[in-house]
Amino acid sequence: MVKSKNSELVEKYLDHIKKEKKLSQGTITTYTNIGKNLDFSIMLSQKTLIQKLKDLYENPNTLQLYLNMIILIRRYNDEPTDMLVKLRNSLRDDIIKTRKENLDKLDDKLPSKSYIIEQLNNMSGIRFILNYLIIHHALRNKDMNLKIIENEKDMDDEDQNYMVINKKKKMIKLFINDYKTDTKYGTKEIKITDPDFYKNVLKVFNENESKNLLHLRNGDKIKSISTLNDKILNLTIDNLGQNKIVKVMIKDLLNNKSFDKLEQLSKDRGTSLDVLLKSYNLHNGE
């Protein structure tokens, strides 16, 4: 009964907010799952809510995630949130400390940039394309759900990400419309003139009937985020995943004071430089 009521509250809030702004499928799924998982009502007194949340979740990041959603839904229903907001604000120092500790531990486990580049140079086809886009442009998984075409005029879906082959200039141009921060940054356009990248894209295009860079067995575009994430993870160098590879690259750029390249990665990823330096900078753990 409690879970169904919470789910109803979440659904009403999401329906309302969808009319005001575009929500990612990830946000919708996260909020829906939180509503389904909570064993107690979102509308309990703030003191009771705080005690139950603290008993369940020690990790400050998880606690903050639940608080964010609960605060939004309570505000939408004109319920008080002052104590919940105070608790959320108090978590900031714990979150920073946890993030730094995790970055420090991760730094000891990750390979060097030279190893990453060596592995990339031994790849071809889709694996080369995906790892290249992560290494040189810091793209997220969702960004790389690309359709390969030969003419910009064929871009007829504003929610589709495109990879356009320019045979005359031997260049590849990316038009990324559907990504995590698209409502903030708009369409991302990235030009790639690297001959090896062009050669591999052309090879995949000629061999791939569906023209989707990543696709289901029947050739259709992958719509499930979890399926997309799993597929890309298995294709990345040593199954590191894009987050870890980006962290390796950012560390190297900082070591070499390559700030122009760092700004370019920030723009290509659609992530502020401030976020990159806080959450993706392995030196931040020191």
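Only a predicted model underlies this, so the values are computations on that prediction, with no experimental measurement involved. (Residues numbered from 1 in each chain as written. Predicted model: local features only at pLDDT ≥ 70, side-chain atom pairs only at ≥ 80, totals over all residues. Heavy atoms only, no water.)

## Some points on the confidence of the model for the protein chain
Short version of the rule: Per-residue confidence from the predictor is given as pLDDT, running between 0 and 100. Think of it this way: any DSSP run of H or I at least four residues long counts as a helix, any run of E at least two long counts as a strand, and we number them from the N terminus.
Taken as a whole, the protein chain shows an average pLDDT of 87; of its residues, 92% reach a score of 70 or greater. Between the elements of the protein chain, mean pLDDT differs from a low of 67, seen in helix α6 (residues 92–107), to a high of 97, seen in helix α8 (residues 125–137).

## Some words on the nonpolar core
Under the convention used in this document: By convention a nonpolar core is built from buried Ala, Val, Leu, Ile, Met, Phe, Trp, Tyr and Cys residues, the set being connected through side-chain atoms within 4.5 Å. Using a 1.4 Å probe on the protein chains alone, a residue whose accessible area is under 20% of its type maximum counts as buried, one over 50% counts as exposed, and one in between counts as partly exposed. In what follows, residue pairs with any heavy atoms lying within 4.5 Å of each other are defined as contacts.
Core analysis: the biggest nonpolar cluster contains 47 residues, and Leu133, Met163, Ile172, Leu174, Phe197 and Leu213 have the highest contact counts within it. Dropping the residues within four chain positions of it, Phe197 is found in contact with Phe128, Ile129, Tyr132, Leu133, Met163, Ile172 and Ile192. Counting 27 residues, the second largest nonpolar core, distinct from the first, contains Ile34, Tyr66, Met69 and Ile73.

## Observations regarding helix α2 (residues 25–37)
Test applied: Here, expected helix span is obtained from the residue count minus one, scaled by 1.5 Å. Directions from the helix axis toward the C-beta atoms define the arc.
Taking 1.5 Å of rise per residue, 13 residues should cover 18 Å, and α2 covers 18 Å from first to last C-alpha, within 8% of that figure. Those residues of α2 that fall on the buried side of the exposure criterion are Ile28, Tyr31, Ile34 and Gly35. Here the buried residues of α2 occupy an arc of 135 degrees about the axis, which is enough to place them on one side. Tucked inside the fold, the buried residues of α2 contact α1 (2–18) and α4 (60–76).

## Here we look at unusual backbone geometry
Of note in the backbone geometry, Ala138 takes a positive phi value of approximately 55 degrees without being a glycine. The topology assignment puts Ala138 in the loop between α8 and β1 (146–149). Given a relative accessible area of 2%, Ala138 falls into the buried group. Of note in this structure, Lys257 is not a glycine but carries a positive phi near 55 degrees. Within the secondary structure layout, Lys257 lies in the loop between α12 (242–255) and α13 (259–269). Residue Lys257 is classed as exposed on the basis of its relative accessible area of 60%.

## Quick word on the sheet that holds strand β3 (residues 171–176)
To keep things clear, this is the line we draw: DSSP-based pairing: two strands are paired if at least 2 bridges between them are found. Only the contacting stretch of a helix is used when fitting its axis, a line to C-alpha atoms as for every element, and angles between N-to-C directions run 0 to 180 degrees.
Pairing is mixed across the open sheet formed by 4 strands, whose spatial order is β1-β2-β3-β4. The open sheet terminates on both sides in strands that have one partner only, identified here as β1 and β4 (188–192). When the angles between neighbouring strand axes are averaged without regard to direction, this sheet yields 20 degrees. Bridge count for β3 against β4 is 5 bridges, and the pairing is antiparallel. What sits directly across from Lys173, in β4, is Lys191. In the packing of helix α10 (residues 195–207) onto the sheet, the strands contacted are β1, β2 (161–166), β3 and β4, and the crossing angle to β2 comes to about 105 degrees.

## Quick notes on the packing of aromatic side chains
Rules: Centres within 6.5 Å make a pair out of two Phe, Tyr or Trp rings, where for Trp the six-membered ring is used; the pair is then stacked when the planes are under 30 degrees apart, edge-to-face when over 60, and tilted otherwise. Only when the NZ atom of a Lys or the CZ atom of an Arg is both within 6 Å of the ring centre and within 35 degrees of the ring normal do we say a charge sits over the ring.
Counted under the stated rule, the structure contains 4 aromatic pairs. Both rings, one in Tyr13 and one in Tyr76, keep their centres 5.9 Å apart while their planes meet at 70 degrees; by these two values the pair is edge-to-face. A residue pair is termed long-range when its members are at least 10 positions apart, and Tyr13 in helix α1 and Tyr76 in helix α4 qualify at 63 residues. Looking at Tyr13, the relative accessible area reads 8%, which means it is buried. Between Tyr132 and Phe197, the aromatic rings sit 4.7 Å apart at their centres with planes inclined by 35 degrees, giving tilted as the arrangement. One end of the pair, Tyr132, is in helix α8; the other, Phe197, is in helix α10, with 65 residues separating them in the sequence. Look at Tyr132 and you get buried, because its relative accessible area is 7%. Taken together through their ring pairs, the aromatic side chains of Phe128, Tyr132 and Phe197 make up a single cluster. Between Lys188 and the ring centre of Tyr179, over which it is positioned, the NZ or CZ distance is 4.2 Å. Lys211 extends its terminal NZ or CZ atom over the ring of Phe205, reaching a point 4.0 Å from the ring centre.

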